[in-house]
Amino acid sequence: MKIKEWPPVYTNSLRKHRKAAGLRQLDVARLIGLEGSTERLSKWENGAADPNIDNLFRLLALYKTTPEELYPEKWQAIENPSSSSTAGAVSEERIPVEV
C-alpha cells in the first residue's frame, strides 16, 4: 500500500540541497549513478516518487546531510506521531508505510 501526502511538503528540500550544492539535475543524476537520466530525480523533487534506500543514501552522501535535514517533515512525523490515548503503548497493529 502506498501512502502519499498531497501536496508533498518535503520536495523543495531536495531541490534546495541540490541548488545549494550548485548542481544541475543532470550533475546529480550522474554523480549518484542514474546514467545521466534526470527523470527520476525530477520525480523525487516534484514529489511524484521517492528515492529507494540506495539512492537516498547516495543523496545524503552527496549533499553531506542527514535524513532529518533532507526530509524534515517526514522525519518529524516519525519522531512525533500524533498523540492518542494509546501513546507509548506497545501494539502489534500493522502500520502502512511507503514502498
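No experiment lies behind these values; they were computed from the predicted model shown.

So, how was this worked out
- Residues numbered from 1 in each chain as written.
- Predicted model: local features only at pLDDT ≥ 70, side-chain atom pairs only at ≥ 80, totals over all residues.
- Heavy atoms only, no water.
- Helix = DSSP H or I, 4+ residues; strand = E, 2+ residues; numbered from the N terminus.
- Contact = heavy atoms within 4.5 Å.
- Areas by Shrake-Rupley, 256 points an atom, 1.4 Å probe, with all protein chains shown as cover.
- Buried < 20%, exposed > 50% of the residue type's maximum accessible area, 1.4 Å probe, protein only.
- Arc of directions from axis to C-beta.
- Core = buried A, V, L, I, M, F, W, Y, C linked by side-chain atoms within 4.5 Å.
- Polar contact = N/O pair within 3.5 Å; in protein donor to acceptor, adjacent residues only side chain to side chain.

Caption draft 1: A look at the overall build of the protein chain. In terms of regular secondary structure, the protein chain is built from six helices and zero strands. Helices (α) and strands (β) of the protein chain occur, in sequence order from the N terminus, as α-α-α-α-α-α. Put simply, of all contacts in the protein chain between residues at least 6 apart along the chain, 55% involve residues at least 24 apart. Carbon together with sulfur atoms contributes 54% to the accessible area of the protein chain, which is approximately 7,300 Å² in total.

Caption draft 2: How the structure looks around helix H3 (residues 39-46). Those residues of H3 lying buried are Leu41, Trp44 and Glu45. One side of H3 carries all its buried residues, which in axial view fall inside an arc of 95 degrees. Phi turns positive one or two residues past the end of H3, at Gly47, with a value near 80 degrees.

Caption draft 3: Structural detail: unusual backbone geometry. At Lys64, a residue that is not glycine, the phi angle is positive and equals roughly 50 degrees. Along the chain, Lys64 turns up in the loop between helix H4 (53-63) and helix H5 (67-70). Among the residues examined, Lys64 registers a relative accessible area of 76% and is labelled exposed.

Caption draft 4: Geometry of the nonpolar core. Ranked by internal contacts, the top residues of the largest apolar core, which has 14 residues, are Leu14, Val28, Ile32, Trp44, Leu59, Tyr63 and Leu70. Those elements giving two or more residues to this core turn out to be helix H2 (25-31), H3 and H4. Per element, the largest residue contribution to this core is four residues, and it comes from H4. Those residues within four positions of Leu14 in sequence are excluded, and the remaining contacts are Trp44, Glu45, Leu59, Tyr63, Leu70 and Tyr71.

Caption draft 5: Inspection of the environment of Ser37 at higher detail. Within the secondary structure, Ser37 sits in the loop between H2 and H3. Spatially, the C-alpha atoms of Ser37 and Leu26 are 6.7 Å apart, while their sequence positions differ by eleven residues. Among the polar contacts listed, one links the side chain of Ser37 to the backbone nitrogen of Glu39, at a separation of 3.5 Å.

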